[in-house]
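What follows is each chain in one-letter form.
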Amino acid sequence: MALLAGKKALVFGVLNEYSIGWHIAEQLHHHGCELAFSFLPGEKIERRVVKAVEPFGPKFLVPCDVSKDEDIGRAFAMTSEKFGSFDILIHSLAFAPGEALHNPFLQTSREAWRTALDISAYSLVALSRAAVPLMNVDGSIVTMSYLGAEKFIPMYNVMAVAKAALECSVRYLAAELGRHEKHVRVNAISAGAIKTMAARGIGDIDKMMAHYTEKSPLPWNGDTAAVHVGKTALYLCSDLSSGVTGETIYVDGGYNIVGW
Ligand code: NAD
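On a predicted model such as this, the values are computed, not experimentally measured, just so you know.

(A) Here's a closer look at the state of the cysteines. In the structure shown here, the tally under the stated rule is zero disulfides. Take C237: it sits in no disulfide, and the sulfur closest to it among the cysteines is that of C33, at 7.4 Å. A relative accessible area of 7% means that C237 is categorised as buried.

Here it is as structure tokens:
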């Protein structure tokens with residue numbers, strides 16, 4: 001059954017075939033959704049993204065650094081031109097300067113804080129604002145969070161603050177946009193550890209994966225972890241979740257419920 005036949009999605013945050021955004025796109029594509037992608041401007045990145053998303057036959061690709069308002073304006077101008085209207089916005093991106101993830105949290109600079117929260121949290125608000133006028137009724141916005149928003153995770157530091165802001169933004173956007181004439185839903189997925197480029201920047205991802213594999217109630221491993229996330233994103237983008245908004249849904253094999 002094609003859950004998203006006739007729907008169109010704009011996906012932010014695919015870098016390669018390991019990206020969580022790629023696994024979300026795979027599920028949406030499998031269920032009949034037409035896809036378009038943004039990528040962080042840069043020749044090397046563009047080549048990588050073009051190759052990664054080729055199997056999805058994208059309608060278009062557009063460069064967009066989400067910390068730049070003019071890039072966001074251009075991305076949605078192209079979306080309007082190529083898609084007309086659309087149904088689904090995937091926000092699967094984050095960034096914090098490396099030193100803020102490796103130095104003690106106490107040493108977090110004002111600039112690192114500003115950058116991390118701008119790119120990783122404010123961008124959801126900025127993209128949603130640009131997206132909603134082009135979105136169809138009953139559209140869906142999905143973003144990616146992590147347990148660090150709530151619990152201490154070694155070295156997650158300022159990214160944890162950004163994820164807390166992101167989850168809070170999801171609730172405020174959901175409250176406003178649910179009452180908006182478009183009734184757009186906004187939800188976050190809090191994913192368990194997945195071996196991606198972004199995760200490598202945080203710390204010892206192999207050690208983290210091993211810990212998840214050992215502690216999670218359900219099996220959690222590199223082969224299937226991102227697929228689980230993609231499937232929950234499919235649910236959140238489809239009519240199956242028509243009554244769900246403002247939520248942060250854990251997709252981590254149950255890791256977050258374990259106390260010891
Ligand atoms: P990834 O490296 O594959 O994707 C991160 C994306 O962010 C890349 O496409 C990158 O180009 C993009 N990006 C960074 N700065 C940008 C900017 N200024 N403008 C536009 N795009 C920018 O890594 P991923 O793990 O797939 O990350 C996707 C999301 O999932 C992130 O929000 C991340 O925090 C979240 N997440 C990841 C994990 C994990 O273990 N990998 C767990 C929970 C949540």
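Structure shown, so let's carry the discussion forward.
(B) Seen up close, the pattern of salt bridges. Applying the stated rule across the entire model yields six salt bridges. Notably, a salt bridge pairs R74 with D71, separated by 3.7 Å at the nearest N-O pair. Taken together, the positions of R74 and D71, both in helix α3 (residues 69-83) and three residues apart, correspond to about one turn of that helix. Of the charged contacts, one joins R114 and D118 as a salt bridge, the two residues approaching to 3.9 Å between their closest N and O atoms. Taken together, the residues R114 and D118, both in helix α5 (residues 110-131) and four residues apart, mark about one turn of the helix. With a relative accessible area of 43%, R114 lands in the partly exposed category. A residue is classified by how much of its surface remains accessible, and D118, at 18% relative accessible area, is buried.

(C) Structural context of the site of the ligand. Neighbouring the ligand are 26 residues; S19, I20, K163, I194 and T196 lie closest to it. Interatomic distance of 3.3 Å between a backbone N/O atom of G13 and an oxygen atom of the ligand. Here D65 contributes a side-chain N or O atom positioned 2.9 Å from a nitrogen atom of the ligand. For the ligand, whose unbound accessible area comes to 820 Å², protein coverage reaches 92%. Among the elements of the structure, β5 (135-145) and α7 (197-202) are those that each provide at least two residues to the shell around the ligand. The element contributing the most residues to the shell around the ligand is α7, with three residues. Its residues assigned to classes, the shell around the ligand shows 18 nonpolar, six polar and two charged.

(D) Spotlight on the packing of aromatic side chains. If you walk through the whole model with that rule in mind, you get nine aromatic pairs. Ring geometry for F76 and F86: centres 6.4 Å apart, planes at 40 degrees, overall tilted. Within this pair, whereas F76 is found in helix α3, its partner F86 is found in strand β4 (residues 86-91), the two being separated by ten residues in sequence. For F76, a relative accessible area of 6% translates into the label buried. Ring centres of Y212 and W220 lie 6.4 Å apart, and the angle between their planes is 40 degrees; this geometry places the pair in the tilted category. W220 carries the same exposure label as Y212, and that label is buried.

What counts, and where the lines are drawn
- Residues numbered from 1 in each chain as written.
- Predicted model: local features only at pLDDT ≥ 70, side-chain atom pairs only at ≥ 80, totals over all residues.
- Heavy atoms only, no water.
- Disulfide = S-S within 2.5 Å.
- Buried < 20%, exposed > 50% of the residue type's maximum accessible area, 1.4 Å probe, protein only.
- Salt bridge = Lys/Arg side-chain N within 4 Å of Asp/Glu carboxyl O.
- Helix = DSSP H or I, 4+ residues; strand = E, 2+ residues; numbered from the N terminus.
- Near = heavy atom within 4 Å.
- Polar contact = N/O pair within 3.5 Å; in protein donor to acceptor, adjacent residues only side chain to side chain.
- Areas by Shrake-Rupley, 256 points an atom, 1.4 Å probe, with all protein chains shown as cover.
- Nonpolar A, V, L, I, M, F, W, Y, C, P; charged D, E, K, R; others polar.
- Phe/Tyr/Trp six-rings, centres within 6.5 Å; stacked < 30°, edge-to-face > 60°.

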